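Remarks on the overall topology
Listed below, chain by chain, are the residues.
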Amino acid sequence: MSRKVSDAECSLRDLSGERWIRPEGQRQAPGERTLIRAHGGGGNSNNNNRPSAAMATAAGGELERAARRQFQGGDNPRFIYLLATFAALGGFLFGYDTGVVSGALLLLKKEFALNELWQELVVSATVGAAAVSALAGGLLNGCWGRRPCILLASFLFTAGAAVMTASGDRYTLLTGRIVVGLGIGLASMTVTVYIAEAAPSHLRGRLVTINTLFITGGQFVASVVDGAFSYLERNGWRYMLGLSAIPAIIQFVGFLFLPESPRWLMQKGKTQKARRVLSQIRGTQNIDDEYEFIKNNIEEEEREAAGGDTVLWKMITYPPTRRALIVGCGLQLIQQLSGINTVMYYSATILQMSGVQDDTLAIWLAAVTAFTNFIFTLVGVCLVEKVGRRKLTLGSLTGTALSLVILGIGFLLSARASPSITLHPSGHNSSCVQYKSCNNCMLDPNCGFCFKMESPNVTESSCVPVSNRSETMAAWGRCSNASEFKKEGLSWAYNFCPTVYSWTALLGLILYLIFFAPGMGSMPWTVNSEIYPMWARSTGNACSSGVNWIFNVLVSVSFLHLAQHLTYYGVFFLYSGLTTLGLFFVYGCLPETKGIKLEEIESLFENKLCTCGLSESDEGRHIEYIRVKGSNYHLSDNDASDVE
């Protein structure tokens, strides 16, 4: 049935997502703004009315879009960005404390004589603790709120930094890394939810992605700090690990003055406080309709979720949230299986494996890779609201898989050109002396390579056991005394072989981060902050964050062991294959969430799982239906406004 358009006034109520058409003679309600008076004949003929209706609809659509831009401009962007920045300091600490270990590890293994197992413990203890606290964070967020959890994370960051700085043995160091890990896990799942719930829909993707920008910024700052303090003969690592207390204290003080999430307050029945917070965040903008929309949605969710079952069980048994949970956890799983934290935690070690011999040079080259990660995460911040989450993720995975192949080829070339071993000392019961090439020698963590460099050739080479006192010398033989063998022109290599292909590792790492950072670096966190309804948001983010950290542990703790059994190039070929599988998963299962209100995203998962991401015909379109006050009739297709 077509509606008549005579001398009716059209008005837009901000943020309601609905266009209201007030019949002639009805008084203007308070808070409404008249946008257009539709002129036209008042006859009963549909044919005569259609041109007027079309003109009014077109003019109304233009004015509606202009009004929406005006209303969106009424947000308080300065306060929103301030709020997001202080929250994202949790991301900065996440990046700093996970990234700083890359360079610090080269000094720590000498300071505390860390063997391969202890090196992996120092790295993986942090991410293991993060996995535990991320899973527990869902319960804490639901009971305490977002703000107290961020304050607790700041305290844990500060305490962990103090313990690591004061550590006098490997056990105290490990304790400090565990405390920091608890803060990282809690912050990783809370910060993105807090920002997403406070942000308006047209800024949400950009603001949530700022958290990932801060993560990569923290990793870059950590690598610069590593490089700067690597020149200190003693205790340089204490400064590296202890400086994280500064941003943690700043975040703690800042959050003493910032508000709680308005959606969490509303869910807990604190409606008046939620209205005040929402008004503070939105500034001069009229928040009545947004407030009512969120309130009604939460009430409807609570009615639907009523019962004695746990939230996780309700998520699993309710198809839309089950599909959202699979997509959210799948994205976090793919992020880790693509090897990102192997690249970030072991970037300096990877560069040494490729043939870079100097510790300080390896640390500074690792800083170059961290800077690349930061810059291209910034690119992702700029593109997320223009390109959309889905396309950005698909492009990122494609480039990441190809970059891992290049990285693997670089290590394969280095292995093929590996120097042969010419000297085989006798009279010693060691498996090291049996190896015939440097590459095979390096795959054994108990062996090192002693050689003389007569550029470009390697001569007088042998594979001998590593000293129990330090990896910088052999247990016996020509390279067992560091000061003596250097006078004789000999060199000692542990964990790398001299090669002309070392540049390929740096190229592969940079290409990897160029493709990974804009999409897969940030989209798993952004998408997970959006796709769950309010009643399941804390639990959904806790589960997906837990998956991220659990596989973070598995990948980081297994890298060096995988390299021994699959070779270095084999590991990166494996990561490339897993990334390709992830590409197919994302193509079939990830829908586009750009520009959609948080409360409306649940409807994207009403179809079967493998079809959620395939329907792109409506991408970029938002359908709004017109409600006519005082009328009760069925709307025709012409009564809908498509807002591009």
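Right above here is the structure, for reference.
Because the structure is a prediction, the values reported are computed rather than measured. (Residues numbered from 1 in each chain as written. Predicted model: local features only at pLDDT ≥ 70, side-chain atom pairs only at ≥ 80, totals over all residues. Heavy atoms only, no water.)

A tally of helices and strands in the chain yields 23 helices and eight strands. The proportion of buried residues among the 644 residues of the chain is 56%. Considering only intrachain contacts with a sequence separation of at least 6, the fraction spanning at least 24 residues in the chain is 76%. (Helix = DSSP H or I, 4+ residues; strand = E, 2+ residues; numbered from the N terminus. Buried < 20%, exposed > 50% of the residue type's maximum accessible area, 1.4 Å probe, protein only. Contact = heavy atoms within 4.5 Å.)

For strand 4 (residues 447-454) and strand 5 (residues 457-465), the ladder comprises seven bridges, and the chain directions are antiparallel. Paired with lysine 452 across the bridge in strand 5 is threonine 459. Bridge count between strand 4 and strand 6 (residues 490-493): four bridges; the pairing is antiparallel. Paired with phenylalanine 451 across the two strands is serine 491, which belongs to strand 6. (Pairing = 2+ DSSP bridges.)

Moving on, we come to the state of the cysteines. One pass over the structure, following the stated rule, counts three disulfides. Covalent S-S linkage joins cysteine 441 and cysteine 463, the inter-sulfur distance amounting to 2.1 Å. Across the S-S bond linking cysteine 441 and cysteine 463, the dihedral sits near 85 degrees, which makes this disulfide right-handed. One end of the pair, cysteine 441, is in helix 18 (residues 438-442); the other, cysteine 463, is in strand 5, with 22 residues separating them in the sequence. Of the two residues, cysteine 441 and cysteine 463, neither departs from the other in class, the shared state being buried. Distance from the sulfur of cysteine 329, which forms no disulfide, to the nearest cysteine sulfur (cysteine 543) is 5.8 Å. Under the relative-accessibility criterion, cysteine 329 is labelled buried at 15%. Residue cysteine 543 is classed as buried on the basis of its relative accessible area of 18%. (Disulfide = S-S within 2.5 Å.)

Turning our attention to the packing of aromatic side chains. Within this structure, the stated rule accounts for 15 aromatic pairs. Between the aromatic rings of phenylalanine 94 and tryptophan 525, the centroid separation amounts to 6.2 Å while the plane-to-plane angle is 85 degrees, which identifies the pairing as edge-to-face. On the criterion of sequence distance, the pair formed by phenylalanine 94 in helix 2 (residues 77-111) and tryptophan 525 in helix 21 (residues 523-528) is long-range, its members being 431 residues apart. Tryptophan 525 matches phenylalanine 94 in its accessibility class, with the two residues each being buried. Ring plane angle 65 degrees and centroid distance 6.3 Å describe the contact between tyrosine 569 and phenylalanine 573, whose orientation is recorded as edge-to-face. Separated by four residues within a single helix, tyrosine 569 and phenylalanine 573 lie in helix 23 (residues 568-589), roughly one turn from each other. Ring pairs connect the aromatic residues Phe411, Tyr568, Phe572 and Tyr575, which therefore count as one cluster. Looking at arginine 390, its charged tip hangs above the ring of tyrosine 587, at a distance of 5.3 Å from the centre. (Phe/Tyr/Trp six-rings, centres within 6.5 Å; stacked < 30°, edge-to-face > 60°. Lys NZ or Arg CZ within 6 Å of the ring centre and 35° of its normal.)

Read across the open sheet, the three strands follow the order 5-4-6; overall the sheet is antiparallel. Looking at the sheet topology across the chains shown, the edges are occupied by strand 5 and strand 6. Ignoring which end each strand starts from, the neighbouring axes of this sheet average 25 degrees apart. (Axes fitted to C-alpha atoms, helices over the stretch in contact; angles between N-to-C directions.)

Turning our eyes to something else, we now look at the nonpolar core. Of all hydrophobic cores here, the largest spans 72 residues; its most connected members are Phe157, Leu173, Leu207 and Trp549. At 16 residues, the largest contribution of residues to this core is made by helix 2. In this structure, phenylalanine 157 is in contact with Gly90, Leu93, Phe94, Asp97, Val180, Gly183, Ile184, Ala187 and Ala248, ignoring residues within four places of it in sequence. Ile334, Phe411, Ala493 and Phe496 belong to the second largest nonpolar core, which has 56 residues in total. (Core = buried A, V, L, I, M, F, W, Y, C linked by side-chain atoms within 4.5 Å.)

The next thing to look at is a nonpolar patch on the surface. Together, Phe155, Ile249, Phe252, Val253, Leu256 and Phe257 make up a nonpolar patch on the protein surface, roughly 610 Å² of accessible area in all. Looking at the nonpolar patch element by element, the count peaks at three residues for helix 8 (residues 245-255). Within the element layout of this structure, phenylalanine 155 appears in helix 4 (residues 146-166). (Patch = residues over 30% accessible without salt bridge, like charges linked within 9 Å, V, L, I, M, F, W, Y side chains within 5 Å. Areas by Shrake-Rupley, 256 points an atom, 1.4 Å probe, with all protein chains shown as cover. Salt bridge = Lys/Arg side-chain N within 4 Å of Asp/Glu carboxyl O.)

Here the focus is the environment of threonine 192. Tracing the sequence through the fold places threonine 192 in helix 5 (residues 170-198). Non-local contacts of threonine 192, meaning those with residues more than four positions away in its chain, are made with Val208, Asn211, Trp525, Ser529 and Asn541.

Bringing the pattern of salt bridges into the picture now. All told, the structure shown has nine salt bridges when counted by the stated rule. Aspartate 288 is the salt-bridge partner of arginine 275, the closest N and O atoms lying 3.0 Å from each other. Here aspartate 288 lies in helix 11 (residues 288-304) and arginine 275 lies in helix 10 (residues 271-282), a separation of 13 residues in the sequence. Exposure remark for arginine 275: the relative accessible area of 25% places this residue in the partly exposed category. Note that arginine 478 and glutamate 460 form a salt bridge whose closest N and O atoms lie 3.7 Å from each other. Of the two residues, arginine 478 is situated in the loop between strand 5 and helix 19 (482-487) and glutamate 460 in strand 5; the sequence distance between them amounts to 18 residues. What makes glutamate 460 partly exposed here is its relative accessible area of 35%. Three or more residues are tied together by salt bridges with common partners; here these are Arg204, Glu385, Arg389 and Glu530.

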